[in-house]
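For reference, the chains in residue letters:
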Amino acid sequence: SAEKVFRDYESVIGDIYKGLENNGNLDMVVISKTVSKVVGSIVRNPDACMLLSAIGKKDSYSYSHALSSSVLAAALGRQIGLPVHDLKTLATGALLCDIGKLEIPSSILNKSAPLTDDEWQLVKQHISLGMNILDKTPDVSTEVKAIVANHHERYDGRGYPNGLQGSAIPPLARIAGLVDSYDAMISDRSYANGVSPA
């Protein structure tokens, strides 16, 4: 069932984060197989992403955010008619967008007070930190890397790290940025309560 696929996905995400924390390695073969299952479920059942509400949240926001962003990105991509290959790329990129945050202290990521300028600059480094991980990982496509590198760029040029605008931002990175922001806004965080999905 789709629910089992999502539960397996959640388990794999936990393993991904543990593996990175323990030895700094990503297993792209396992990631690719699991993403393929999730995308297949979404292609067969467009409403499958709604099952996320039935899945218990992990203790770590990072796990649940990676899961939600990946599934929502694939669901949005399906809705706009992207081919399956692009859905898999999009789901993989969205899954890996925040892996660089593993190298940022939890005390900063979970801070309930506003970040200082120095702390905010450090948080923004999660992109370059994530790219360093991906550059050392075999079999990561350039398209997946482009999603991770650009998911905080914004159409009006006010994003980071490069202040790209409009069509200079890869389309799949734009989608990943949208779902990343959406999922963050609807989730309870240390510094704010989530808002209604509506």
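In this text, all values refer to a predicted model and were calculated from it rather than measured experimentally.

Draft legend 1. Representation of the overall build of the chain. If you tally the helices and strands in the chain, you get 9 helices and 0 strands. Buried positions account for 44% of the 198 residues belonging to the chain. Residue pairs at least 24 apart in sequence account for 66% of intrachain contacts in the chain once pairs closer than 6 positions are excluded. About 10,200 Å² of surface is accessible on the chain, with carbon and sulfur atoms providing 52% of the total.

Draft legend 2. Quick peek at the nonpolar core. Ranked by internal contacts, the top residues of the largest apolar core, which has 35 residues, are Leu26, Leu95 and Leu96. Of all the elements in the fold, those that place two or more residues in this core are helix H1 (2-23), helix H2 (28-44), helix H3 (61-79), helix H4 (84-96), helix H7 (126-135) and helix H8 (142-150). Formed by 10 residues, the second largest nonpolar core is a distinct cluster that contains Leu72, Ala73, Ala176 and Val179.

Draft legend 3. How the structure looks around the packing of aromatic side chains. Considering all chains together, one arrives at 1 aromatic pair under this definition. Between Trp120 and Tyr160 the ring centres are 5.7 Å apart and the planes differ by 80 degrees, which places this aromatic pair in the edge-to-face class. One end of the pair, Trp120, is in helix H6 (residues 117-124); the other, Tyr160, is in the loop between H8 and helix H9 (171-186), and 40 residues separate them in sequence. Residue Trp120 is classed as partly exposed on the basis of its relative accessible area, which comes to 36%. When the ring centre of Tyr160 is taken as reference, the NZ or CZ atom of Lys124 above it lies at 5.2 Å.

Draft legend 4. Structural view of unusual backbone geometry. Between Tyr160 and the following residue, Pro161, the backbone shows a cis peptide bond with an omega angle of 10 degrees. Tracing the sequence through the fold places Pro161 in the loop between H8 and H9. At Asp139, a residue that is not glycine, the phi angle is positive and equals roughly 70 degrees.

Draft legend 5. Quick look at the packing of H7 against H8. Two elements in contact, H7 and H8, have axes whose closest approach is 9 Å; the angle formed by their N-to-C orientations is 165 degrees. In terms of orientation, H7 and H8 fall into the roughly antiparallel class. Relative to H8, H7 is oriented so that their crossing is right-handed. Together, Ile127, Met131, Leu134 and Asp135 of H7 and Lys145, Val148 and Ala149 of H8 make up the contact between the two elements. Broken down by class, the residue content of the contact of H7 with H8 amounts to 5 nonpolar, no polar and 2 charged.

Criteria and cut-off values
Residues numbered from 1 in each chain as written. Predicted model: local features only at pLDDT ≥ 70, side-chain atom pairs only at ≥ 80, totals over all residues. Heavy atoms only, no water. Helix = DSSP H or I, 4+ residues; strand = E, 2+ residues; numbered from the N terminus. Buried < 20%, exposed > 50% of the residue type's maximum accessible area, 1.4 Å probe, protein only. Contact = heavy atoms within 4.5 Å. Areas by Shrake-Rupley, 256 points an atom, 1.4 Å probe, with all protein chains shown as cover. Core = buried A, V, L, I, M, F, W, Y, C linked by side-chain atoms within 4.5 Å. Phe/Tyr/Trp six-rings, centres within 6.5 Å; stacked < 30°, edge-to-face > 60°. Lys NZ or Arg CZ within 6 Å of the ring centre and 35° of its normal. Axes fitted to C-alpha atoms, helices over the stretch in contact; angles between N-to-C directions. Parallel < 35°, antiparallel > 145°, perpendicular 65-115°, else oblique. Left-handed = near helix turned anticlockwise from the far one by under 90°. Nonpolar A, V, L, I, M, F, W, Y, C, P; charged D, E, K, R; others polar.

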